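Coordinate inspection notes
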Amino acid sequence: MRLELARVSVIQYWSQVTCTASLRGLYPLGGMLNHACTPNTRRGYDCQHRMIIRAAVPIVKGTEVTNSYTALLWGTPARRHQLYTTKHFLCTCPRCEDPQEKGSLLSALRCCTSDCTGCILPEDPLNSESPWGCSTCHRSMTSQRAGVVQSALGKVLGRLDTTDPVSINRFLRGHKRVVATTNQIIVELKCNLVCIYGHAAGYQYSGKAHLLCDPTMFLSLLEY
Ligand SMILES: [Zn+2]
Ligand SMILES: [Zn+2]
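Residues numbered from 1 in each chain as written. Chains lettered and ligands numbered in written order. Predicted model: local features only at pLDDT ≥ 70, side-chain atom pairs only at ≥ 80, totals over all residues.

Naming follows an unreviewed UniProt entry, where the protein chain appears as SET domain-containing protein of Timema podura.

Turning our attention to the overall build of the protein chain. Secondary structure summary: the protein chain contains seven helices and 10 strands in total. For the protein chain, the proportion of its 224 residues judged to be buried stands at 17%. (Helix = DSSP H or I, 4+ residues; strand = E, 2+ residues; numbered from the N terminus. Buried ≥ 20, exposed ≤ 12 C-beta atoms within 10 Å, placed from the backbone.)

Attention now moves to the nonpolar core. Side chains that are nonpolar tend, in soluble globular proteins, to be buried together. The biggest cluster of nonpolar side chains holds 19 residues, and the ones touching the most others in it are Ala-108, Cys-119 and Ile-120. If you list the elements that add at least two residues to this core, you get strand 8 (119–122), strand 9 (132–134), helix 5 (165–174) and helix 6 (184–196). Those residues in contact with Ile-120 that sit more than four places away from it in its chain are Ala-108, Leu-109, Cys-111, Trp-132, Gly-133, Cys-134 and Met-141. (Core = buried A, V, L, I, M, F, W, Y, C linked by C-beta atoms within 7 Å. Contact = placed C-beta atoms within 7 Å.)

Our next topic: the sheet that holds strand 10 (residues 140–141). Sheet strands associate in pairs through backbone hydrogen bonding, adopting either a parallel or an antiparallel arrangement. In space, the four strands of this open sheet follow the order 7-8-9-10, with antiparallel pairing throughout. Looking at strand neighbours, the two that pair on one side only are strand 7 (109–110) and strand 10, the edges of this open sheet. Two strands pair when backbone bridges link them, and strand 9 and strand 10 are joined in this way by two bridges, in the antiparallel orientation. Residue pairing for strand 10: Trp-132 is matched across the bridge by Met-141. (Pairing = 2+ DSSP bridges.)

On to the UniProt feature "domain: SET" (unreviewed entry) in the protein chain, then. Within the UniProt annotation, "domain: SET" (unreviewed entry) is assigned to residues 31–69. Helix makes up 0% of residues 31–69 and strand 36%, with an end-to-end C-alpha separation of 10 Å. (UniProt positions renumbered as here; feature names shortened; annotations may be inferred.)

Moving on, we come to unusual backbone geometry. Although it is not a glycine, His-88 adopts a positive phi angle of roughly 65°. Relative to the helices and strands, His-88 is located in the loop between helix 2 (76–87) and helix 3 (94–97). We note that Leu-105 has phi near 50°; this positive angle belongs to a residue other than glycine. Mapped onto the fold, Leu-105 is located in the loop between helix 3 and strand 7.

All right, on to helix 5 then. Listed as buried for helix 5 are Pro-165, Ile-168, Phe-171 and Leu-172. The buried side chains of helix 5 occupy one side of the element, clustering within an arc of 125° when seen end-on. More than 90 degrees from the buried face of helix 5, the exposed residues found are Val-166, Arg-173 and Gly-174. (Arc of directions from axis to C-beta.)

On average, residues of the protein chain score 83 in pLDDT, and 82% of them are at 70 or above. Between residues 1–19, whose pLDDT stays under 50, and residues either more than four places distant or in other chains, the model counts 26 contacts. (pLDDT = per-residue confidence, 0-100.)

Before going further, it helps to spend a moment on the pairing of strand 5 (residues 51–55). Among the five residues in strand 5, zero count as buried, and that is only a small part of the element. When strand 4 (residues 41–45) meets strand 5, the two strands line up antiparallel, connected through five bridges. By the bridge assignment, Tyr-45 is partnered in strand 5 with Met-51. Between strand 4 and strand 5, which pair antiparallel one after the other, the connecting turn spans five residues, and His-49 there sits at a positive phi close to 65°.

Next comes the structure, spelled out in structure tokens:
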């Protein structure tokens, strides 16, 4: 019984049907897939809450089919922390060991050296004590200091109304000098804006090639 339970994945997801409930489901077959931070499948659910696994890339015969147990758009420290605290393992996959995360730079902070436009990233992402360094001027930052900056950003983000485009745009403008444009927080907020623009009340697309809302609100998606 324990072995059977160990193979069952318990997955919580936001109902795509009603958008009003957070559901948990048991998926014995889906639970067989191992984790990868760059999985070769993506997961979805149909209207009867059945899990649908689709190939995200061409999968060569014999290749292991993988799934992500965490958020794809989180940076390495956040992904590894979440995997460790909820799944009890520290991921050492190729994406986790790459300071630049395959070029996505999702963990990047802005370098605080004046006139430097570089990003600060962990030098050894598999070591939580590793110093962080600027890719341009090579300025260094301790992991503790990077943690303080990330924690402060998280607190500000926690107070932000992430459904309000005015608040989101104000945050994006106000944190330009602290957070890299590729940082997971910025990416997440821009994804929120994409969902709001065209869908939320007051921001719908009329379908007649003109917008009911102020088109300048899209600038933050392009500029920042
Ligand atoms: Zn990983
Ligand atoms: Zn620098």
